[in-house]
Amino acid sequence: MTYKKIVNGLTVLGIFFIFIMPHEIAGLLIELFHFMWELLVELLDVLFEGAEVTLDHIIELLFETDLHDTQIIVFYILFGIIGYGLYRFCRIVPGFFLRVQSYLIAFWEYNKIRTYLYWRGLTLIERIKLVAICAAGIIGFIFLNF
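Nothing here was measured: the structure is a model prediction, and the numbers come from that model.

Colleague: Is there a simple way to think about the overall build of the protein chain in this case?
Modeller: Across its full length, the protein chain carries 4 helices and 0 strands. On C-alpha atoms alone, the protein chain measures out to a radius of gyration of 28 Å, which is more than a quarter above the 15 Å that the 2.2 N^0.38 rule sets for 146 residues. With respect to the three principal axes, the spread of C-alpha positions in the protein chain is 85 × 40 × 40 Å. Here the protein chain holds 146 residues, and 6% of them are scored as buried. Summing over all exposed atoms, the protein chain offers an accessible surface of approximately 13,200 Å²; the carbon and sulfur share of this is 76%.

Here it is, written out as structure tokens:
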């Protein structure tokens, strides 16, 4: 029970801070994602350089070429690999976007019908209460954050 109270208290505290300081929370999240992006780019750069150096040594040992010829061969090999990867990617992307589009349309229609049926099930007093609560929440959010 004590751990549940601690978790519930931290949850309420987190929600409180999100409503009181949304700009700071958003700034922290943006910085976190930026840091993760920099780590990913650095990792990809190190992996690419490692693959290039390995391919350089393999080509140099197999064909006994000098540095310039090895670099040209490695460039065209990497160019072909990347070109084939882009070709395969471009073949996959249209189908993926069509599936995402159909899913989003179905999701939109389902939620629109659900909201409509919910609204139709409310009495006039409940509708007025819902609109008033939403308006008060929006106005409160605007006044607290500007």
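Colleague: Explanation requested: helix α3 (residues 67-121) in the structure shown.
Modeller: Since the α-helix turns once every 3.6 residues, residues separated by three or four places project in the same direction. With 55 residues, α3 ought to run about 81 Å at 1.5 Å a step, and its terminal C-alpha atoms sit 77 Å apart, in line with that. Taken as a whole, α3 carries its principal kink of about 25° at Val93; the proline Pro94 stands between one and four residues after it. Within α3, burial applies to Thr70, Val74 and Leu78. Buried positions along α3 lie against α2 (22-63).

Colleague: Looking at this model, I keep getting lost on the side chain of Thr70. Mind explaining?
Modeller: Secondary-structure assignment places Thr70 in helix α3. Here Thr70 falls in the buried class, since its relative accessible area comes to 1%. In contact with Thr70, other than residues within four places in its own chain, are Asp56, Ile59, Glu60 and Thr65.

Colleague: Would you take a moment to explain unusual backbone geometry for this structure?
Modeller: A negative phi angle is the norm for most residues apart from glycine, just as the trans form is the norm for most peptide bonds. A positive phi angle, near 50°, is found at Glu64, a position not held by glycine. Checked against the element boundaries, Glu64 lands in the loop between α2 and α3.

Colleague: Help me understand the packing of aromatic side chains in this model?
Modeller: When we look at a pair of aromatic rings, we describe it by the centre distance and by the angle of the planes. Across all of its chains, the model carries 5 aromatic pairs by this definition. Judged by centre distance (5.9 Å) and plane angle (55°), the rings of Phe16 and Phe17 are tilted. One aromatic cluster in this structure is built from Phe75, Tyr76 and Phe79.

Colleague: Looking at this structure, I do not really get the packing of α3 against helix α4 (residues 124-145). What am I missing?
Modeller: Between two packed helices, what matters for the description is the angle formed by their axes and the separation of those axes. Interaxial distance between α3 and α4 falls to 8 Å at its minimum, and their mutual angle equals 125°. The pairing of α3 with α4 is recorded here as oblique in orientation. Every residue of α4 that contacts α3 at Tyr118, Trp119, Arg120 and Gly121 is listed here: Glu126, Arg127, Leu130 and Val131. Tallied by class, residues from the contact of α3 with α4 come to 4 nonpolar, 1 polar and 3 charged.

Colleague: What should I look at first to understand a negative patch on the surface in this one?
Modeller: Taken together, the side chains of Glu31, Glu38, Glu42, Asp45 and Glu49 make up a negatively charged region of the molecular surface. Examined against the element boundaries, Glu38 turns out to sit in helix α2.

Colleague: Can you walk me through a nonpolar patch on the surface in this structure?
Modeller: Together, Tyr3, Ile6, Leu10, Leu13, Phe16, Phe17, Ile20 and Met21 give the surface a local cluster of nonpolar side chains, amounting to about 810 Å² of exposed area. Relative to the helices and strands, Leu10 resides in helix α1 (residues 2-20).

Cut-offs applied
Residues numbered from 1 in each chain as written. Predicted model: local features only at pLDDT ≥ 70, side-chain atom pairs only at ≥ 80, totals over all residues. Heavy atoms only, no water. Helix = DSSP H or I, 4+ residues; strand = E, 2+ residues; numbered from the N terminus. Rg over C-alpha atoms; globule rule 2.2 N^0.38 Å. Buried < 20%, exposed > 50% of the residue type's maximum accessible area, 1.4 Å probe, protein only. Areas by Shrake-Rupley, 256 points an atom, 1.4 Å probe, with all protein chains shown as cover. Expected span 1.5 Å × (residues − 1). Bend = angle between axes of the 7 residues up to and from the residue. Contact = heavy atoms within 4.5 Å. Phe/Tyr/Trp six-rings, centres within 6.5 Å; stacked < 30°, edge-to-face > 60°. Axes fitted to C-alpha atoms, helices over the stretch in contact; angles between N-to-C directions. Parallel < 35°, antiparallel > 145°, perpendicular 65-115°, else oblique. Nonpolar A, V, L, I, M, F, W, Y, C, P; charged D, E, K, R; others polar. Patch = residues over 30% accessible without salt bridge, like charges linked within 9 Å, V, L, I, M, F, W, Y side chains within 5 Å. Salt bridge = Lys/Arg side-chain N within 4 Å of Asp/Glu carboxyl O. Lys, Arg positive; Asp, Glu negative; His and termini not counted. Charge placed at Lys NZ, Arg CZ, Asp CG, Glu CD.

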